[in-house]
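Geometric and topological summary
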Protein chains: 2
Amino acid sequence: MSSFAHLLLAAVFAPAFTLLVAATPAFADRSNGALVIEDQGSFFVGGEVLNRGPEDDVTIHQMYVQYQIPKGNGQTPVVFTHGCCLSSKTWETTPDGRMGWDEYFLRHKRPVYLTDQVNRARSGFDATKINQVLTGEIPPNEEVAPPIGHVSHQTAWGIFRFGPEFRVPHDDGQFPVEVLDDFYKQMIPDLRSYLPSPNPNWKSLSDLAAKLDGAVLVGHSQSGQDPFEAALTSAVGVKGLIAIEPVGCSAGVFPTGRTFSDDELAVLADIPILVLFGDHLETGIGGLWQTLFQDCQAFVSNVNDAGGNATMLYPPDLGIFGNSHMLMQDRNNDQIADLILDWLATNVDKKR
Amino acid sequence: MSSFAHLLLAAVFAPAFTLLVAATPAFADRSNGALVIEDQGSFFVGGEVLNRGPEDDVTIHQMYVQYQIPKGNGQTPVVFTHGCCLSSKTWETTPDGRMGWDEYFLRHKRPVYLTDQVNRARSGFDATKINQVLTGEIPPNEEVAPPIGHVSHQTAWGIFRFGPEFRVPHDDGQFPVEVLDDFYKQMIPDLRSYLPSPNPNWKSLSDLAAKLDGAVLVGHSQSGQDPFEAALTSAVGVKGLIAIEPVGCSAGVFPTGRTFSDDELAVLADIPILVLFGDHLETGIGGLWQTLFQDCQAFVSNVNDAGGNATMLYPPDLGIFGNSHMLMQDRNNDQIADLILDWLATNVDKKR
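Overview of the structure. The structure displayed is predicted, hence computed values, not measured ones. (Residues numbered from 1 in each chain as written. Chains lettered and ligands numbered in written order. Predicted model: local features only at pLDDT ≥ 70, side-chain atom pairs only at ≥ 80, totals over all residues. Heavy atoms only, no water.)

Okay, the overall build of chain A next. Within chain A, the regular secondary structure consists of 11 helices and eight strands. Burial status across chain A gives 61% buried among its 352 residues. The contacts in chain A between residues at least 6 apart in sequence include a share of 75% that link residues at least 24 apart. Counting every atom, chain A has about 12,500 Å² of accessible surface; 53% of that belongs to carbon and sulfur. (Helix = DSSP H or I, 4+ residues; strand = E, 2+ residues; numbered from the N terminus. Buried < 20%, exposed > 50% of the residue type's maximum accessible area, 1.4 Å probe, protein only. Contact = heavy atoms within 4.5 Å. Areas by Shrake-Rupley, 256 points an atom, 1.4 Å probe, with all protein chains shown as cover.)

Structure below.
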């Protein structure tokens, strides 16, 4: 879509959003030419040593982070954290082989950090309690050692709002359902029910932002509220917060209830916040997404009432329809990314 | 080390290796300047749908693959597979922040593919049997549902030959033990005991080599023999095999016995093979590494007797001392990488 067409759409459908869209004078080159990297690598944040017995230590609760820094960067880094039952693969090449947001943001001169959540994928997990049950040391007890979450194709279809019925996509659906079986390969066992409290992801994200001397934290779905909690752990390095299809904002409808105090709202009001939802909120799991959306609308208002700068980005308001829960993999993922990049340019980079 | 010094060392310590080292006229620039990428991304190979009940499907046994292709490449791609209790992090930034082999090989114009083994890290795992025990559906039975492997710091120290006693490094040890605690964050739970037979990694590696229209397969430690098994599954795309500190070669001393038939040896004799061990084989776990080394020496002889092209690369023969089991993270990891790059240039690329 040309810059002009985009501006026209924005003007027609959502005048309040025009300034935000207009902040980027022209949309960047989307071609897939050579990419010039200044630095890339991986490291861990956090982690603690668990002593299981004499001369028997393991490290648990570390967070794996993979990063790339583009040549000529000068913009605030972005830290992407995936949601339930997924890994950082979320942000990489789409199931139908298009460019993921990791590379798209990088090509727009933004340092990109991908985290595998604590207890997921390359971050490993604490297998102690599971092993105690497997060896008969303790009896099965789902309070102590719950079953490992591995969400089914059918459940994911509903939660991710790919269509009204399993394998029946929305008429205007943006998710590439023709490669659904490849998408499902991203869905892996999820051991977050074995995390201690407070969730170690929060401090690790907060520490990472401080280590980077400033970063925007992005969460998705199950981790959608994690950027807020990270900022409330310590806001030192937190320059922006983006919640993509979070499972609630202030009230935290699901999975854990949470109401922010006035002091907490004051912290959040000091940081630019973007909340983003896709389309077809009515489908899925019994109207839950509409409830979560409304909760986040109230949160955005509360933050702004507290003097903050919070924005709800709902693409249908801009005439962009059919986005799923997995906006970063939808066919128009570059269009959605551009909206976020515009928001970053206006609300975060200019404030540095 | 300069090219001249290297040639001198090679000439003094191992005349038979001179040709191999001389193949690269000068060692490449090791500075950490801008990196020009032609393409990068990730995808899955393999995987199957497991039906757990009505409308309850999950995908298992897929292999996650992450890749980068340098600008101006024309060389055979290299596929790196990590070993026990680790992930692809093995090949990335070292614990003390130096360049990993993933980037080093890329900077030497070689397409690099990193796999997370099936049942590890971003590839996920099949949690079915574990969950049956956790929910009390079946009783604990270590034959059916063994404890999840999570190797301790102390055991790893011995197996990886970092020094004669825990936290006492070898005098000439190359592993950066000053960042040992960061290294241990790479060690994650290992669910390979839940893999079916034949090991799905073998077909996935073989399929990946075919998909790439030619690749060199590299295994390490527990996966050291996997390249051989992948080639025996189908050698169509397999252009070279590299076993780094494998847990045995032909006899497969540990963990599974394995003797190659004459037909199998004939297949392997048609592919260039490099076997690489570090130093201090006498330390660790009761002389096991010496046994494994001898087994691989016999394997190399057997392949060559069958008309093949197999090389044992033992750095002490070249006057390079102190390497650990984790050669790709040792302080001289670039020096070891150069030896592999030389072998590739002479034995693989020229044969294309």
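Once that is clear, we can look at the packing of aromatic side chains. The final tally for this structure, using the stated rule, is 47 aromatic pairs over all chains. On the numbers, 6.0 Å between centres and 25° between planes, the contact of A:Phe125 with B:Phe125 is stacked. You can see A:Phe125 sitting in the loop between strand 4 (112-116) and helix 4 (128-134) and its partner B:Phe125 sitting in the loop between strand 4 (112-116) and helix 4 (128-134), one on each of two chains. When its relative accessible area of 8% is taken as the criterion, B:Phe125 is described as buried. Consider the rings of A:Phe228 and A:Phe260, whose centres lie 6.5 Å apart with planes at 80°: the pair is edge-to-face. Residue A:Phe228 is located in helix 8 (residues 226-233), and its partner A:Phe260 is located in the loop between strand 6 (238-244) and helix 9 (262-268); the two are separated by 32 residues in the primary sequence. Its relative accessible area of 0% is what places A:Phe228 among the buried residues. When its relative accessible area of 9% is taken as the criterion, A:Phe260 is described as buried. (Phe/Tyr/Trp six-rings, centres within 6.5 Å; stacked < 30°, edge-to-face > 60°.)

Residue and element names in this part refer to chain A. Closest axis-to-axis distance for the helix 7 (residues 200-211)/helix 8 pair is 8 Å, and the angle between their directions is 70°. When the axes of helix 7 and helix 8 are compared, the pair comes out roughly perpendicular. Like other packed secondary-structure pairs, helix 7 and helix 8 cross with a definite hand, here right-handed. The segment helix 7 lies against helix 8, with Asn-201, Trp-202, Lys-203, Leu-205 and Ser-206 engaging Asp-226, Glu-229, Ala-230 and Thr-233. (Axes fitted to C-alpha atoms, helices over the stretch in contact; angles between N-to-C directions. Parallel < 35°, antiparallel > 145°, perpendicular 65-115°, else oblique. Left-handed = near helix turned anticlockwise from the far one by under 90°.)

This next bit is on the interface of chain A and chain B. One frequent convention defines the size of an interface as the accessible area lost when the parts assemble. Tallying the contact residues gives 67 residues for chain A and 67 residues for chain B. Summed over both sides, the interface of chain A with chain B buries roughly 5,300 Å², with 52% coming from carbon and sulfur. Sorting the residues of chain A by area buried against chain B places A:Arg122, A:Leu134 and A:Lys185 first, and these three jointly supply 15% of that buried surface. Counting the contacts that link chain A with chain B gives four salt bridges. Among the salt bridges present, the one from A:Asp116 reaches B:Arg122, with a minimum N-O distance of 3.1 Å. Inspection of the region where chain A meets chain B yields 35 residue pairs in polar contact (both at pLDDT 80 or more). Of all elements in the fold, only strand 1 (35-51), strand 2 (57-70), helix 3 (101-107), helix 4, helix 5 (153-159) and helix 6 (180-184) of chain A reach the threshold of two or more residues within the side of chain A that touches chain B. Take the side of chain A that touches chain B: its biggest share by element is 11 residues, from strand 1 of chain A. (Buried area = accessible area lost by both parts, 1.4 Å probe. Salt bridge = Lys/Arg side-chain N within 4 Å of Asp/Glu carboxyl O. Polar contact = N/O pair within 3.5 Å; in protein donor to acceptor, adjacent residues only side chain to side chain.)

Further remarks concern the relation of the copies chain A and chain B. Expressed as a screw transformation, the operator carrying chain A onto chain B has a rotation angle of 180° and an axial translation of 0.0 Å, and the superposed copies differ by an RMSD of 0.0 Å. Both chain copies can therefore be described as sitting about a two-fold axis. It is A:Ala121 whose C-alpha, among those of chain A, lies nearest the rotation axis, at 1.9 Å. Looking at the interface residues of chain A, 100% of them are also at the interface in chain B, so both copies use one shared face. (Least-squares fit on C-alpha atoms with pLDDT ≥ 70 in both.)

The next subject is helix 7 of chain A. Residue and element names in this part refer to chain A. Relative to the 16 Å expected for 12 residues at 1.5 Å per residue, helix 7 spans 16 Å between its end C-alpha atoms, a close match to the ideal helical length. Those residues of helix 7 lying buried are Pro-200, Asn-201, Ser-204, Leu-205, Ser-206, Leu-208 and Ala-209. The N-cap residue of helix 7 is Asn-199: its side-chain oxygen and the backbone nitrogen of Asn-201 are 2.8 Å apart. Downstream of helix 7 by one or two residues, Asp-213 has phi in the positive range, about 60°. (Expected span 1.5 Å × (residues − 1).)

Another aspect to go through is unusual backbone geometry. At the junction of A:Ser197 and A:Pro198, the peptide bond is cis and its omega measures out at -5° in the coordinates. In this fold, A:Pro198 is placed in the loop between helix 6 and helix 7. You will see that A:Arg161, though not glycine, has its phi angle at about 55°, which is positive. With respect to the element layout, A:Arg161 can be found in the loop between helix 5 and helix 6. Positive phi, normally seen in glycine, also occurs at B:Asn119, with a value near 75°. Looking at the secondary structure, you find B:Asn119 in the loop between strand 4 and helix 4.

Below, the discussion takes up the pattern of salt bridges. Close approach of charged atoms allows side chains with opposite charge to pair. Applying the stated rule across the entire model yields 28 salt bridges over all chains. A salt bridge links A:Asp96 to A:Arg98, with the shortest nitrogen-to-oxygen separation between them at 2.9 Å. For A:Asp96, a relative accessible area of 27% corresponds to the partly exposed category. The class for A:Arg98 is partly exposed, based on a relative accessible area of 22%. Within this structure, A:Glu92, A:Asp116 and B:Arg122 form a network of salt bridges that share partners.

Throughout the structure, instances matching the rule amount to four disulfides over all chains. The side chain of A:Cys249 participates in a disulfide bridge whose partner is A:Cys296; the two sulfur atoms lie 2.2 Å from each other. Here the S-S torsion is close to 95°, and the disulfide linking A:Cys249 with A:Cys296 is therefore right-handed. Taken together, the residues span a long stretch of sequence, with A:Cys249 in the loop between strand 6 and helix 9 and A:Cys296 in helix 10 (residues 288-305) at a distance of 47 residues. Each member of the pair, A:Cys249 as well as A:Cys296, carries the same accessibility label: buried. With its sulfur 1.8 Å from that of its partner, B:Cys84 forms a disulfide with B:Cys85. The pair B:Cys84 / B:Cys85 is uniform in exposure class, with both members buried. Numbered by order of appearance in the sequence, the disulfide-linked cysteines of chain A pair as 1-2, 3-4. (Disulfide = S-S within 2.5 Å.)

Another point: the environment of B:Val218. Residue and element names in this part refer to chain B. The topology assignment puts Val-218 in strand 5 (residues 215-220). Taking the relative accessible area as the measure of exposure, Val-218 reaches 2% and is therefore buried. Contact partners of Val-218, with chain neighbours within four places excluded, come to Val-78, Val-79, Phe-80, Thr-81, Trp-91, Pro-227, Ile-242 and Ile-244.

Attention shifts here to the pairing of strand 8 (residues 310-313) of chain A. Side chains of strand 8 of chain A alternate between two faces, with A:Ala310 and A:Met312 and A:Thr311 and A:Leu313 buried alike. Handedness of the strand 7 (residues 273-276) of chain A-helix 10 of chain A-strand 8 of chain A crossover: right-handed. (Right-handed = clockwise from strand over helix to strand, strands pointing away.)

All names here are of chain A. When the terminal C-alpha atoms of helix 10 are compared, their 26 Å separation across 18 residues agrees well with the 26 Å that a helix rising 1.5 Å per residue should span. Within the sequence span of helix 10, burial applies to Leu-288, Trp-289, Leu-292, Phe-293, Asp-295, Cys-296, Phe-299, Val-300 and Val-303. For helix 10, the buried positions fall inside an angular range of 160° around the axis, keeping them on one side. In this fold, the buried residues of helix 10 make contact with helix 5, helix 8, helix 9, strand 7 and strand 8. In the stretch just after helix 10, Gly-307 is the one whose phi turns positive, near 90°. (Arc of directions from axis to C-beta.)

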